[in-house]
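A closer look at the structure
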Amino acid sequence: MATEIRELDSERQSLVYNHHHELIAASDTITAVCDLIHKLLPLLSLSQMKSRAESLEFDLEKLKGAFSEISRLTAQIASEPSVGSTNSSRNDSEDTTV
């Protein structure tokens, strides 16, 4: 009976050691996950996301205005007669009369 008690005690110690090791490993994993969450939390902050979105919206409005101005200037240039083509026409007509 004493032998059985020693064997059971030995098994109990092994189980406690194994579970203790697993408990420590789980605790380390939880700590690592918490640290990662704390590092990522500022990136996920709603106020920061809102601020970045507003900044992007402002930049997009500026870009939209710039494209509108480019379109307006392109249309203005396209509607003006070109100086080079007017001179070419005159030179061509002078060449045919000579």
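Given the structure is predicted, the values throughout are model-derived calculations rather than measurements. (Residues numbered from 1 in each chain as written. Predicted model: local features only at pLDDT ≥ 70, side-chain atom pairs only at ≥ 80, totals over all residues. Heavy atoms only, no water.)

Some thoughts on the overall build of the chain
A tally of regular secondary structure across the chain gives three helices and zero strands. Its helices and strands taken in sequence order, the chain reads α-α-α from the N to the C terminus. Carbon and sulfur atoms make up 63% of the accessible area of the chain, which totals about 9100 Å². (Helix = DSSP H or I, 4+ residues; strand = E, 2+ residues; numbered from the N terminus. Areas by Shrake-Rupley, 256 points an atom, 1.4 Å probe, with all protein chains shown as cover.)

Points about the pattern of salt bridges
Applying the stated criterion across every chain, the model contains two salt bridges. Here D9 ties to R12 by a salt bridge, and the two come within 2.6 Å at their closest N and O atoms. Taken together, the residues D9 and R12, both in helix α1 (residues 2–40) and three residues apart, mark about one turn of the helix. For D9, a relative accessible area of 30% corresponds to the partly exposed category. For R12, a relative accessible area of 47% translates into the label partly exposed. Between E69 and R72 there is a salt bridge, and its shortest N-O distance comes to 2.6 Å. Of this pair, E69 and R72 are both found in helix α2 (residues 46–79), three residues apart, which corresponds to roughly one turn of the helix. Classification of R72 as partly exposed rests on a relative accessible area of 45%. (Salt bridge = Lys/Arg side-chain N within 4 Å of Asp/Glu carboxyl O. Buried < 20%, exposed > 50% of the residue type's maximum accessible area, 1.4 Å probe, protein only.)

Points about the confidence of the model for the chain
Taken residue by residue, the chain gives an average pLDDT of 79. The fraction at 70 or more is 82%. When mean pLDDT is compared element by element in the chain, α2 scores highest at 86, while helix α3 (residues 83–97) scores lowest at 51. (pLDDT = per-residue confidence, 0-100.)

Digging into a nonpolar patch on the surface
Together, L60, L63, F67 and I70 make up an exposed nonpolar region whose accessible area comes to about 420 Å². With respect to the helices and strands, the residue I70 is situated in helix α2. Since its relative accessible area comes to 48%, I70 is described here as partly exposed. (Patch = residues over 30% accessible without salt bridge, like charges linked within 9 Å, V, L, I, M, F, W, Y side chains within 5 Å.)

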